[in-house]
Amino acid sequence: MSVWTWLGVALLGGVGANARFLIDGLISARAGAALPFGTLVVNASGSLVLGLLTGVALSGDALVLAGTATLGSYTTFSTWMLETHRLGEDARARAALLNIAVGLAVGVAAAALGRTIGAHA
Amino acid sequence: MQCVKLTTYFGERDRVDGRLLADELLAIYERRGVRLSTLFRGAEGFGRLHHLHTERLLTLSEDLPVIATALDSPERIEALLTDVLAIKRRGLMTLERALLLGAAADEQRSERRDTFANALAFAGGAGHGRKLTIQVGRRERVGNRPAFVAVCELLHERGLAGASVLLGVDGLREGRRTRARFIARNADVPMSIVAVGAAEPIAALVPELARILREPLITLERVRICKRDGELLEQPHALAAADEQGRAAWQKLTVYSSHDATHDGRSLHLEIVRRMRAGDAAGVTCVNGMWGFHGAHAPHGDRLLQLRRHVPVLTIAIDSPEKAARSFVLIDELTREHGLVTSEVVPAMQALSANELSAR
C-alpha cells in the first residue's frame, strides 16, 4: 500500500465516523431510546453498501478505501454490543435479545441484498 | 449558616460564546469564591423542548443533562446572580433555602457546639422531613475506609431509610476549585451523600458526622416525605400558582429509587422519564449514584460481572404547582412498590428553552 492509500484510509475513516455520528444522532433524537434504531440503521445501511461494493467486484485499494476505511468506521459492532448490554442493565432482557436478533437478521439480509444488486448491475 | 442554593440544570454541550456553559458557570463561582459548589452529570433527562438526553445510546450520550449547584450566604448568592443572569444560557435555574453547617476556621468553634441545636431548630423544628447532604472528597478517608463508605455505614446504623452517593465532576469547596481530570488522583473532587429522613434522627446525626469528618460540610434542607416504599404518607405541598405578592411558586418532586427497581417489568426511573416526556412536564433529570443503601440492605455499589446495576438513582422534576400535581399522580402510580418521593417548595425559578432565549 502506498503512503497515499494510508492517508486515504485515515481521511475516509474520519468521514465514515462523522457520517455515523450525524445519521445515528438524527435518528436517535427522533426515534427515542426504546430500541437503538440509530445503530441498527447505520449497521444495516453500511452492510448494504459493503455488499454492493463487493457485488460489483471492487478490489484492491478502492475496496480498502471504501470498504475498510469508510464503511468500517461508519458501521459499529461495539456500539451495537454496548447498547445491547445497556438494555440488559435497564431490565429489558427481551429487548436486548431482540436487538441482537434483529441487528443480525437485518444486517445479513442487507449485505446479501447489496451483493445481489451489485452483481446484476 | 442560613444559605441560598442556586441550582442550574442544562446540557453538558451547551455553549456560550464558544465556551462550555458548565466551564463558564464554574469559572464565575470560582471568581466569586463560592463556599460550596458541585457539578453533577446526569444519566438521562429532557427539558422544555422534550428532547431526550440519555446515556443509553452512545451517540446521544455526548450531551447529557448536568446540574450545577452553588451554596453560599443570601447576599453572596445575590451578588453572584448578576453574573449568572448576564450569561445567555438556556435551561432551568432555581433558588432554594438551605442550612449549611460548615467548618471554616472562623466559625468552627461556635458553630460546632451549636450544630445540633441549629439542625433541630432549622425551619420549624421537629416533625418535618429533612434532606441531609454531606460533602466529602473522592479520596477522603475516615480511619482506613473511604469517607463515603464510613458515612453511609453510619447513616445505615442509625436507621435512616436510605442514602445515595453522587459523584461530582467539578466543584468548589470553601472557594477552592476541585475539578476532575482524566488521568489524576482526583482526591478532592466533590462527592455528595444525600439522605432523607425525619427531622430528629437527622439532627441527631449532624454532630456525629461532624466528629468523624476532617472538615465537615453538611447541608440541611426542608422536604416533605410524600411516599416511602409504596406507602403514601402525605400529599405534596398544595401550592397556588402564585403567592400573596403575586410571585410565581414552583415545586420540586424527587424520587429516590434503586437502578434495578421496576414497575410492571420496566425500569422505574426510565418509565417516569418516558411517561413524563410523553406529557407536558417542564423537564426531568435522572442522576445515578455510585454507592448507597435502601431499607435494611447494607450499603453497596456495583459489583464486577453483573448485568443489572445496584446503585441508587435520583429522579428530579421541577414544575409549576399545577403540573407538579399532575406529575405526582403519575409518580404515585409508578412508585406503587418502590421509591421514596419528596416534595419541596422552590421559591424562585427561571426556565428558558433555546427558542425563548433567542426571542429575548
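Reading guide: rules and limits
Residues numbered from 1 in each chain as written. Chains lettered and ligands numbered in written order. Predicted model: local features only at pLDDT ≥ 70, side-chain atom pairs only at ≥ 80, totals over all residues. Helix = DSSP H or I, 4+ residues; strand = E, 2+ residues; numbered from the N terminus. Rg over C-alpha atoms; globule rule 2.2 N^0.38 Å. Contact = placed C-beta atoms within 7 Å. Expected span 1.5 Å × (residues − 1). Buried ≥ 20, exposed ≤ 12 C-beta atoms within 10 Å, placed from the backbone. Axes fitted to C-alpha atoms, helices over the stretch in contact; angles between N-to-C directions. Parallel < 35°, antiparallel > 145°, perpendicular 65-115°, else oblique. Left-handed = near helix turned anticlockwise from the far one by under 90°. Nonpolar A, V, L, I, M, F, W, Y, C, P; charged D, E, K, R; others polar. Core = buried A, V, L, I, M, F, W, Y, C linked by C-beta atoms within 7 Å.

1. Topic: the overall build of chain B
Each helix and strand counted, chain B has eight helices and 24 strands in total. Relative to the 2.2 N^0.38 estimate, which gives 21 Å for 360 residues, the radius of gyration of chain B is 19 Å and therefore close to what a compact globule would have. Referenced to the eigenvectors of the C-alpha coordinate spread, the extents of chain B come out at roughly 50 × 50 × 45 Å. The contacts of chain B with a sequence gap of at least 6 include a subset with a gap of at least 24, amounting to 77%.

2. Section: helix α5 (residues 93-120) of chain A
Residues and elements named next belong to chain A. Between the first and last C-alpha of α5 there are 41 Å, a value that for 28 residues agrees with the 40 Å anticipated at 1.5 Å per step. Those residues of α5 that sit buried are Ala 96, Asn 99, Gly 103, Gly 107, Ala 110, Ala 111 and Gly 114. Summarising the contacts, the buried residues of α5 are in contact with α2 (37-55) and α4 (77-89).

3. Digging into the packing of helix α6 (residues 268-278) of chain B against helix α7 (residues 321-334) of chain B
Residues and elements named next belong to chain B. Where α6 meets α7, the closest approach of the two axes is 10 Å, and the angle between their N-to-C directions is 150°. Relative to α7, the element α6 is oriented roughly antiparallel. Crossing angle aside, the handedness with which α6 passes α7 is right-handed. Residues Leu 268, Glu 271, Ile 272, Arg 275 and Met 276 of α6 pack against Ser 327, Leu 330, Ile 331 and Leu 334 of α7. Tallied by class, the residues present in the contact of α6 with α7 amount to six nonpolar, one polar and two charged.

4. Considering the nonpolar core
Core analysis: the biggest nonpolar cluster contains 96 residues, and Phe148(B), Val151(B), Cys152(B) and Ile193(B) have the highest contact counts within it. Once residues lying within four places of it in the same chain are set aside, the contact partners of Ile193(B) are Ile134(B), Val136(B), Phe148(B), Val151(B), Cys152(B), Ala163(B) and Val165(B). Leu40(A), Val49(A), Leu50(A) and Ala111(A) belong to the second-largest nonpolar core, a separate cluster that totals 12 residues.

5. A word on the interface of chain B and chain A
Across the contact, 17 residues belong to chain B and 17 residues belong to chain A. The residue inventory of the side of chain B that touches chain A, partitioned by class, reads six nonpolar, six polar and five charged.

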